Amino acid sequence: MARALATDVGLREVWAWSMYDFANSAYTTVVITAVFGAYFVGAVAGNAAWATFAWTAALSLSYAAILLTGPLIGAWADAHAAKKRLLFVTTVGCVAFTALLYAIGPGDVALALILVMLSNYFFGSGENVIAAFLPELADSQAMGRVSGWGWSFGYLGGLAALGICLAYIMGSPGRPASESVPVTMLITAAFFAIAATPTFLFLRERALPQGRIDSPWQRIRETLAQAQRYRDLRRFLLCIVFYQAGITAVVALAAIYAEQAMKFTTQQTITLILVVNVTAAVGAFGFGYLQDAIGHVRSLALTLVGWIAMVLLAGLAQGPTAFWLAANLAGLCMGSSQAAGRAVVGYLAPPARLAEFFGLWGLAVKAASIFGPITYGAVTWFFHGNHRLGIFATGIYFVIGLALLAGIDVERGRRAALSG
């Protein structure tokens, strides 16, 4: 493994890089997925019919800001060799605005949404920056393995942070959510700050200042123009936009659905998310072997069928048993579908231009994050808080993704990539 790393990179530095995934997963797991979203809808907004839409609109606006500013921030960081400095700024921003969520109580709707938008913006921007260190740490043959380390550490970090929050809540039975949830925001902020410390101590900035900033949007336009030559890759990127929209909606709204549609308590919801994270880690690890056995596209199609089955199970569930089954099916599909998507992009992209086309993959994922959750929120608002219709609407994205996937010829796409 070490021989596949860059010549001046040690395993300690790769560990330090992976620790950032461990650290920042606390934010997504606790704030976005498991705790604060449901708290906002139920306690802060008082179960208003528009509450879920407001939550999803805030997330979508922050994702849109990340999409628009990401290339500009990346270009600035490259030009000034300042990725590490920028990562520090985004980390401090996310930690600070997460900690400020401690002050949110019933009725503080506007302030809650502003703080969520700001914290999520800094989180997403930092996620882009930490990914840019990967080519400096590993050669092309080791990137997948090193990236996988970070992915695995991320699941562990989310589990650890959520477990600490659950222990705090269980230690004070009968305490209302308006008292317990704000403290979990402080726990999450502290966890992020402490766990990210090794990254700033041991990860080095290897880039050299470039002296000038090329137009990042011009580079994106050029890459999009080049993508027209690769029709299977182009179709697959569109496929990603749709199925990733469904995944993002599920991640952002899992706890809200559990508490609003299934009437779970905060403690039950956190326990569910803890178990699902374990299932997701198992699915992400084991699915790599399945991909090698049956092929990337076929295995991705299998996971999309799994997502559709999950939507039907969750939407029709009348008791906790069926919903637990649906949630763990989502966990199995989550890591596997995202890992398979990256693998297919790597297979269909020209080998000499992987970075360019993985940039388009990132844009597709961010675009999906904008309209996936807000679709769910709009449906629940329009239909007066009907969360079952919201989850069924989300399922449409998986169906469209599966239909687009069916028209892709991976071997034809691979030949086009090699000839380009």
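What counts, and where the lines are drawn
- Residues numbered from 1 in each chain as written.
- Predicted model: local features only at pLDDT ≥ 70, side-chain atom pairs only at ≥ 80, totals over all residues.
- Heavy atoms only, no water.
- Helix = DSSP H or I, 4+ residues; strand = E, 2+ residues; numbered from the N terminus.
- Buried < 20%, exposed > 50% of the residue type's maximum accessible area, 1.4 Å probe, protein only.
- Contact = heavy atoms within 4.5 Å.
- Areas by Shrake-Rupley, 256 points an atom, 1.4 Å probe, with all protein chains shown as cover.
- Phe/Tyr/Trp six-rings, centres within 6.5 Å; stacked < 30°, edge-to-face > 60°.
- 1 Å grid on protein atoms, 1.4 Å probe; cavity = no way out; pocket = protein on both sides within 12 Å on 5 of 7 lines; lining within 4 Å.
- Points joined across faces, edges and corners; volume = space filled by probe spheres on them.
- Nonpolar A, V, L, I, M, F, W, Y, C, P; charged D, E, K, R; others polar.
- Core = buried A, V, L, I, M, F, W, Y, C linked by side-chain atoms within 4.5 Å.
- Polar contact = N/O pair within 3.5 Å; in protein donor to acceptor, adjacent residues only side chain to side chain.
- Patch = residues over 30% accessible without salt bridge, like charges linked within 9 Å, V, L, I, M, F, W, Y side chains within 5 Å.
- Salt bridge = Lys/Arg side-chain N within 4 Å of Asp/Glu carboxyl O.
- Expected span 1.5 Å × (residues − 1).
- Bend = angle between axes of the 7 residues up to and from the residue.

A. Focus on the overall build of the protein. Secondary structure assignment for the protein yields 16 helices and 0 strands. Buried positions account for 52% of the 420 residues belonging to the protein. For the protein, the proportion of contacts with a sequence separation of at least 24, taken over those separated by at least 6, is 84%. In the form shown here, the protein has an accessible surface area of approximately 17400 Å², with 68% of it arising from carbon and sulfur atoms.

B. Spatial organisation of the packing of aromatic side chains. Considering all chains together, one arrives at 19 aromatic pairs under this definition. Between the aromatic rings of Trp-15 and Phe-202, the centroid separation amounts to 6.3 Å while the plane-to-plane angle is 45°, which identifies the pairing as tilted. Here the residue Trp-15 occupies a position in helix α1 (residues 11-34), and Phe-202 occupies one in helix α8 (residues 177-202), the gap between them amounting to 187 residues. The exposure class assigned to Trp-15 is partly exposed, which follows from its relative accessible area of 35%. Between Phe-242 and Tyr-397 the ring centres are 6.3 Å apart and the planes differ by 40°, which places this aromatic pair in the tilted class. In this pair, Phe-242 sits in helix α10 (residues 231-260) while Tyr-397 sits in helix α15 (residues 387-406), placing the two residues 155 residues apart along the sequence.

C. Inspection of the layout of surface pockets at higher detail. There is about 220 Å³ of room inside the second largest pocket. Every residue lining the second largest pocket is counted, 13 residues in all, and those nearest its centre are Leu-224, Leu-237, Leu-360, Leu-363 and Ala-364. For the lining of the second largest pocket, the secondary structure elements donating two or more residues are α9 (216-227), α10 and α14 (354-382). Its residues assigned to classes, the lining of the second largest pocket shows 11 nonpolar, 1 polar and 1 charged.

D. Layout of the nonpolar core. Of all hydrophobic cores here, the largest spans 118 residues; its most connected members are Phe-36, Phe-40, Trp-55, Phe-236, Tyr-243, Trp-307 and Phe-323. With residues up to four places along the chain from it excluded, the contact list for Phe-323 reads Tyr-257, Ala-258, Met-262, Phe-264, Leu-272, Ala-314 and Ala-317.

E. The arrangement of the side chain of Ser-62 in detail. With respect to the helices and strands, the residue Ser-62 is situated in helix α3 (residues 51-80). Here Ser-62 falls in the buried class, since its relative accessible area comes to 2%. Engagement of the side chain of Ser-62 in a polar contact is seen with the backbone oxygen of Leu-59, the distance being 2.7 Å. Discounting chain neighbours no more than four positions away, the residues touching Ser-62 are Met-117, Asn-120 and Tyr-121.

F. Representation of a nonpolar patch on the surface within the structure. A cluster of nonpolar side chains, namely Phe-88, Val-89 and Val-92, defines an oily patch on the protein surface of about 270 Å² accessible area. Relative to the helices and strands, Val-89 is located in helix α4 (residues 83-100). Here Val-89 falls in the partly exposed class, since its relative accessible area comes to 46%.

G. Expanded view of the pattern of salt bridges. In this structure the tally under the stated criterion is 3 salt bridges. Glu-205 serves as the salt-bridge partner of Lys-83, at 2.6 Å between the closest nitrogen and oxygen. Of this pair, Lys-83 sits in helix α4 while Glu-205 sits in the loop between α8 and α9; the two residues are 122 residues apart in sequence, bridging distant segments of the chain. For Glu-205, a relative accessible area of 24% gives the class partly exposed. A salt bridge links Asp-232 to Arg-412; the shortest N-O distance between them is 2.7 Å. Of this pair, Asp-232 sits in helix α10 while Arg-412 is found in helix α16 (residues 410-419), placing the two residues 180 residues apart along the sequence. Residue classification places Arg-412 among the partly exposed residues on the basis of a relative accessible area of 27%.

H. How the structure looks around α8. In this model α8 runs 39 Å from its N-terminal to its C-terminal C-alpha over 26 residues, within 8% of the 38 Å that 1.5 Å per residue would give. The largest bend along α8 measures about 30° and falls at Ala-196, with the proline Pro-198 one to four residues further on.

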